[in-house]
Structures are given as structure tokens and as C-alpha cells.
Amino acid sequence: MGVTSPLPARVLAIDAGNSKTDVAVVTAAGEVLATARGGGFRPPAVGVPAALDALAEPVARAFADAGVTSVSHVSACLANADLPVEEEQLATALQARGWGGSVAVRNDTFAILRAGVAEPRGVAVVCGAGINCVGMRPDGRTARFPAIGRISGDWGGGWGLAEEALWHAARAEDGRGEPTSLSRTLPAHFGLPTMYALIEALHLEHIDHDRRHELTPVLFATAAAGDPVARAIVARLAQEVTVMATVALTRLDLLDEETPVLLGGSVLTAGHALLDDGIRDLLADRAPKADVRVVTASPVLGAALLGLDRLGADREARERARGYWARP
């Protein structure tokens with residue numbers, strides 16, 4: 001009796017975010033041979049070589065578990081690959097690692113988009129630490145934004161919401177702004193009595209800078225309790241999400257077609273009713289054919305599907321890969 005040889009590994013799928021990295025080794029038939037998880041991918045903070053060194057650790061584990069040393073194609077969806085020139089630089093650096101015969105790098109928002117659709121067609125808005133939006137069509141056309149922050153016209157994301165809430169709360173307490181419960185709920189989260197105490201603690205770094213993101217859920221809770229200022233901030237985010245999605249749909253000539261609009265990231269998947277209802281109401285008015293969905297699938301699935309798309313895999317292979325990440 002002959003021995004059946006293992007299916008060849010064809011795709012190394014990488015979804016690398018600011019806080020964690022997921023990788024998977026996938027065959028051309030969509031079978032997942034191995035997966036691994038690593039830390040965050042932050043080239044701006046540590047430099048590209050160090051960021052790739054950190055990425056190499058989960059890749060090595062996945063390769064070892066799959067029993068391979070390389071693949072046909074590397075499909076990498078990476079945080080901080082915000083501009084095409086950055087994607088090209090990172091693709092060149094990844095190619096030098098020798099992990100695959102070919103390399104394609106995209107911003108990590110594309111992974112969430114592809115994970116949420118049966119074919120590469122639709123728009124995704126992601127709101128986690130920051131905010132971003134991308135769109136794509138099967139013919140390869142894409143729509144995207146620089147998503148670098150205020151200098152590229154962005155507003156929103158967990159960090160931006162926390163900063164906005166702090167701004168309003170500080171002005172409410174000292175009399176420059178409209179009264180808001182945020183001046184009480186924000187400092188109370190850290191066990192402090194006043195906004196002045198919170199401002200001092202943040203400025204003197206008695207509270208670590210990275211803990212500011214904890215204030216975003218406080219903002220939403222305060223809004224849900226009826227505070228007008230907090231509700232206005234949430235309404236502004238709903239407006240921003242709607243604008244980004246509508247512009248992307250327009251750029252891709254999809255505004256008048258039934259098109260999936262995917263919502264992803266920690267803020268948009270948290271189930272904040274005020275935000276969710278606001279987005280759906282605004283899109284119903286401005287893009288009535290948008291099919292709004294929340295994406296909860298693992299983004300590394302999107303990276304794997306993009307890789308299988310590149311290799312011309314059939315529908316059965318794509319569904320097999322999707323089934324792996326859909327397991328309970």
C-alpha cells in the first residue's frame with residue numbers, strides 16, 4: 001500500500017495587528033495545516049527589521065507544525081501598511097525572508113473585508129484603536145484612505161473617542177464647555193474624584209498612557225445613560241463611518257448595487273446599540289442598497305482567502321478554509 005503524501009502548503013496567511021499576529025499555513029485545497037499566534041506588529045515603533053523578527057517567531061512555529069519550510073505564496077495583511085509605498089516596502093522585506101515564492105502585502109483592513117464576503121467585493125469600515133475603510137471589486141479595483149490620523153482627515157477610533165471624551169469632560173468641569181456626566185464618569189473609572197485629578201494623573205503619567213483606551217467603553221456607557229454630550233460624540237462616529245463607506249461605494253461604482261458593507265474592529269463589534277442604529281439609519285438614507293453586516297470572523301481567514309484568490313483556488317477550497325475558522 002502506498003503512502004499518501006501530504007498536500008503541498010501553498011499559502012502562508014498573515015494577519016498582523018498592533019496587538020497580536022495570527023498566521024496560518026493553508027493548502028491549495030483550503031485545508032489549514034497549522035496556525036500560530038504572536039505579538040503585535042508595530043514597524044513605526046520598533047523599525048521594520050525588528051517587526052519582521054517578531055513576526056518570524058509565529059511563522060517558524062506554524063511552518064514546523066505544518067512540516068514545511070516555505071510556501072508558494074505569502075498573503076500578508078499588516079497593520080501600519082497604510083500607504084501603497086509602505087505595502088511595497090514591507091513586501092520587499094518579506095520577500096527577503098524567503099518564506100514564499102511570491103508575496104502580497106495589504107493593509108489589515110482588507111483581511112476583515114475579505115473574511116466577511118463570499119467573493120472579493122464590498123466595503124469594510126474598521127474601528128478599533130483607529131479607523132479605516134477599504135473597498136474592493138473582483139476585477140482588482142480598490143478604494144482606500146491613507147488612515148494616518150488627523151493629517152489625513154480621519155476622526156474616530158478608540159483612541160480618538162477617548163481623547164474627544166476627555167476634551168469635553170475637562171471643559172465641562174472648568175466651565176468652558178457644556179455640562180456632561182463625562183466629567184464624573186471618566187475620572188471615576190480610575191477611582192479619581194475630578195477631571196482635574198485625572199488630567200494631572202495622565203499628564204504626570206501616574207496613569208499609563210496606554211490605559212486611555214479604557215475610557216472608550218465609559219463614553220458609550222455614558223451615552224447609553226442619556227448624556228447629550230456623550231451621545232453627540234457617538235452620533236459623530238456613526239456619521240464618520242457612514243461617510244467613509246459611502247465614499248468608498250461611490251469610488252467603486254457600487255452605490256447603486258446591492259453591496260456588502262462590513263463593520264469590524266473592537267468598537268464596531270461591541271454591540272453599542274446607539275452607534276449601530278445610527279450607522280444603519282444613516283446608510284439606509286445615503287446608501288440604501290448597502291447590506292450592512294458585522295464581521296466577527298477571524299481576520300486571518302481573510303488573509304488566507306486573499307491568498308487562495310491569488311492562486312485561483314475554486315469555491316470549494318475557499319469554503320473549506322472558511323469552515324475551519326467557523327468551527328466552535
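Residues numbered from 1 in each chain as written. Predicted model: local features only at pLDDT ≥ 70, side-chain atom pairs only at ≥ 80, totals over all residues. Heavy atoms only, no water.

Brief notes about the sheet that holds strand β7 (residues 131-136)
- Ordered in space as β8-β7-β6-β9-β10, the 5 strands form an open sheet in which the pairing is mixed. Only two strands of the sheet have a single partner each, and these edge strands are β8 (142-144) and β10 (290-294). Neighbour to neighbour, the strand axes of the sheet diverge by 15° on average, direction disregarded.
- Bridge count for strand β6 (residues 122-127) against strand β9 (residues 259-264) is 4 bridges, and the pairing is parallel. Bridging from a neighbouring strand, Val 126 pairs with Gly 264 of β9. (Pairing = 2+ DSSP bridges. Helix = DSSP H or I, 4+ residues; strand = E, 2+ residues; numbered from the N terminus. Axes fitted to C-alpha atoms, helices over the stretch in contact; angles between N-to-C directions.)

Observations concerning the nonpolar core
- Counting residues in hydrophobic clusters, the biggest one holds 50 residues, and the most contacted among them are Leu 182, Leu 186, Leu 237 and Leu 275.
- Setting aside its immediate chain neighbours within four residues, Leu 182 contacts Ala 165, Ala 169, Pro 187, Met 195, Leu 219, Thr 222, Asp 227, Val 229, Ala 230 and Ile 233.
- If you look at the next biggest cluster of nonpolar residues, it comprises 29 residues, including Ala 16, Ala 66, Leu 78 and Val 103. (Core = buried A, V, L, I, M, F, W, Y, C linked by side-chain atoms within 4.5 Å. Buried < 20%, exposed > 50% of the residue type's maximum accessible area, 1.4 Å probe, protein only. Contact = heavy atoms within 4.5 Å.)

Quick word on unusual backbone geometry
- Unusually for a residue other than glycine, Asn 80 sits at a positive phi of about 70°.
- Here Asn 80 lies in the loop between β4 (71-78) and α3 (84-97).
- Given the relative accessible area of 22%, Asn 80 is considered partly exposed.
- Here Asp 253, not a glycine, exhibits a phi torsion of approximately 55°, which is positive.

Spatial relationships are all this shows, so hold off on functional conclusions.
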